[in-house]
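# Report on the structure
Chain by chain, the residues:
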Amino acid sequence: MKINKKVALSETGFVFDAGTGDSYSINPIGVEIIEYVKQNLTKEEIKKKLADKYDVSAPELEKSLDDYFSALKTFNILDNE
Amino acid sequence: MVKRNLTVATTGLNNIDNPGPGIPFIRGVLDSQEFNTKIIGLAYENLEPGIYMHDLVNKTYHIPYPTAGSDVLLKRIEYINNIEKIDVLVPNFDAELYTFMKASADLEDIGIKTFLPTVEQYEERHKSNLPDFGDKYGVKVPKSKTIFSENEIESTMKDFRYPVFIKGKFYDATIAYNPEQARANVRKISAKWGFPIIIQENIAGTEVNVVALGDGEGTTVGAVAMRKLYITDKGKAWAGITLADENLIELTDKIISQTKWRGGMELELIKTPENEYYLIEINPRLPAWVYLSVGAGQNLPEALVKLALGENVKPFDKYEVGKLFIRYSYDLITDINEFEKLSLYAEL
């Protein structure tokens, strides 16, 4: 997984796609996940980090993460590979 | 640096909800660190707001509509030039460009420089000639057909699927979702601008725009890509943002190098979800959002003036991405005396 090169993410969760001019607001957990992606963590590693840190069931985490990655791909924040 | 004195005359002072490029062009020229510029406004109507913006426009003169012909226009410009000694004249309306292009040699004879597209460049990029333009230069364009009367609508529409765009030769574009709307829109636009009218295929995607300047020899002096963020009911940008889109700039370079475009231009394109670009329009002058290019680091109005003066301009190679422009309306208060002077003496 790779973040689109043209996407800039600020600490506040504001995302700007310089290629399209689109901008988005992402909540703190969303920002945290993107930071993990930037560190080249795999989906499994990200899942483990989040499971250790937050009180969430495994199925809920799995579904939420899939939904989130799917949204990031839809909006071209994450490169489609 | 000591600034050089310069007198620049320009049109397009109609800074209204469908603004002309005059005021943003002037702001760019006045931002120049090289020129100390006196701005002469050339206006068609008494209520063009720029006429009354005395901090931007030093003096304004009425000029005749293009329909009056080159001779009448030239006489008026000669009169103005005798008083103002104009160095550079920059027309900003599509509909007047032809007249100014035709008069450019005569203007040069009286010491006024212009930097305009050639008649051939101007003609071949017309909306009605876009399919040929696309073929000639290898640029994707939407299918379009030109009609010259209302009777042609039905037969022409057999080749299209709704929705379609209905466009006037110079101005106005509306979308029609069915035959009734197509007929109504053709009537509406032809009543205002006459025929021909262009029927154009609707390409699904995002509209992106480029403001660019060609040196007339195939070099792109500058180019800035923008996406409209807020569009008025007239389809005009009320806000926009500069984009990092190398493909778009490459396409602009290709068009300018092949056509050897001379002067300012605006490319209107649709970027499809498959990242293909369809050229929907080329406007043969700087657009009303040109001041965004200045804000993003490319003072194209100043560069245009320098090209007109015959000076070498080093092409810009970058601009700031993520620069926004947001238009606003502003109530300018003036006195009836000003309006009176302009009405009676055709100058202010």
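Residues numbered from 1 in each chain as written. Chains lettered and ligands numbered in written order. Predicted model: local features only at pLDDT ≥ 70, side-chain atom pairs only at ≥ 80, totals over all residues. Heavy atoms only, no water.

### Considering a negative patch on the surface
Residues and elements named next belong to chain B. Taken together, the side chains of D71, E78, D106 and D109 make up a negatively charged region of the molecular surface. Elements represented by at least two residues in the negative patch include exactly α2 (70–84) and α3 (94–109). Inspection of the secondary structure puts D109 in helix α3. (Patch = residues over 30% accessible without salt bridge, like charges linked within 9 Å, V, L, I, M, F, W, Y side chains within 5 Å. Areas by Shrake-Rupley, 256 points an atom, 1.4 Å probe, with all protein chains shown as cover. Salt bridge = Lys/Arg side-chain N within 4 Å of Asp/Glu carboxyl O. Lys, Arg positive; Asp, Glu negative; His and termini not counted. Charge placed at Lys NZ, Arg CZ, Asp CG, Glu CD. Helix = DSSP H or I, 4+ residues; strand = E, 2+ residues; numbered from the N terminus.)

### As for the nonpolar core
Residue and element names in this part refer to chain B. F25, I255, L269 and L279 are the most contacted members of the largest nonpolar core, which has 67 residues in total. Each of domain 1 (4–115 + 331–345) and domain 3 (204–326) accounts for three or more of the residues forming this core. Residue contacts for I255: discarding those within four places in its chain leaves F133, V139, K260, M265, L267, L279 and I282. (Core = buried A, V, L, I, M, F, W, Y, C linked by side-chain atoms within 4.5 Å. Buried < 20%, exposed > 50% of the residue type's maximum accessible area, 1.4 Å probe, protein only. Domains from an automatic or database assignment. Contact = heavy atoms within 4.5 Å.)

### Considerations on the sheet that holds strand β3 (residues 59–62) of chain B
Residues and elements named next belong to chain B. Pairing within the open sheet is parallel, and its four strands lie in the order β3-β2-β1-β4. Two strands close off the open sheet at either side, each with one partner strand: β3 and β4 (88–90). Each adjacent strand pair in this sheet contributes to an overall mean axis angle of 25°, direction not counted. Of the pairings in the sheet, the one linking strand β1 (residues 4–10) to β4 comprises three bridges and is parallel in character. In the sheet register, V8 faces β4, and the bridge partner there is V88. Against the sheet, α2 contacts β1, β2 (35–43), β3 and β4, and its axis sits at roughly 155° relative to β3. (Pairing = 2+ DSSP bridges. Axes fitted to C-alpha atoms, helices over the stretch in contact; angles between N-to-C directions.)

### Let's talk about the packing of helix α1 (residues 28–38) of chain A against helix α2 (residues 43–53) of chain A
Residue and element names in this part refer to chain A. Relative orientation of the contacting elements α1 and α2 amounts to 140°, with a least axis distance of 10 Å. Regarding the angle of α1 to α2, the classification is oblique. The handedness of the crossing between α1 and α2 is right-handed. Contacts from E32, I33, Y36 and V37 of α1 reach α2 at I46, K49, L50 and K53. Of the residues belonging to the contact of α1 with α2, the class tally is five nonpolar, no polar and three charged. (Parallel < 35°, antiparallel > 145°, perpendicular 65-115°, else oblique. Left-handed = near helix turned anticlockwise from the far one by under 90°. Nonpolar A, V, L, I, M, F, W, Y, C, P; charged D, E, K, R; others polar.)

### Points about the pattern of salt bridges
Residue and element names in this part refer to chain B. Applying the stated criterion across every chain, the model contains 28 salt bridges over all chains. Note that K136 is salt-bridged to E124, the shortest N-O span being 3.0 Å. With K136 in helix α5 (residues 130–137) and E124 in helix α4 (residues 119–124), the pair connects residues that are 12 residues apart, well separated along the chain. For E150, the salt bridge is made with R187, and the minimal N-O distance between the two is 2.7 Å. Of this pair, E150 sits in the loop between β5 (144–147) and α6 (153–157) while R187 is found in helix α7 (residues 179–193), placing the two residues 37 residues apart along the sequence.

### What to know about the domain arrangement of chain B
How big an interface is tends to be stated in terms of accessible area lost as the parts join. Each assigned domain of chain B is listed here: domain 1 (4–115 + 331–345), domain 2 (143–201) and domain 3 (204–326). Summarising the inter-unit geometry, the C-alpha centres of domain 1 of chain B and domain 2 of chain B are found 33 Å apart.

### What about the side chain of B:T60?
Topologically, B:T60 is positioned in strand β3. With sequence-adjacent residues up to four places away left out, B:T60 is seen in contact with B:L13, B:G41, B:L42, B:A43, B:I51, B:A346, B:E347 and B:L348.

### Thoughts on the layout of surface pockets
Empty space left among the atoms is revealed by rolling a probe the size of a water molecule over them. Residues and elements named next belong to chain B. For the second largest pocket, the calculated volume is near 930 Å³. The residue makeup of the lining of the second largest pocket, split by class, is 20 nonpolar, four polar and five charged. Both domains that meet at the lining of the second largest pocket, namely domain 1 (4–115 + 331–345) and domain 3 (204–326), each give it at least three residues. (1 Å grid on protein atoms, 1.4 Å probe; cavity = no way out; pocket = protein on both sides within 12 Å on 5 of 7 lines; lining within 4 Å. Points joined across faces, edges and corners; volume = space filled by probe spheres on them.)

### Observations regarding α3(B)
Residue and element names in this part refer to chain B. Helix length check: α3, at 16 residues, gives a terminal C-alpha distance of 24 Å against a target of 22 Å (1.5 Å per residue), a fit within 8%. Remark: the principal bend of α3, roughly 50°, maps to A103. For α3, the set of buried residues is D94, E96, L97, T99, F100, M101, A103 and L107. In this structure, the buried residues of α3 make contact with α2, β4, α4 and β13 (277–283). One or two positions beyond α3, positive phi appears at G111, with a value near 90°. (Expected span 1.5 Å × (residues − 1). Bend = angle between axes of the 7 residues up to and from the residue.)

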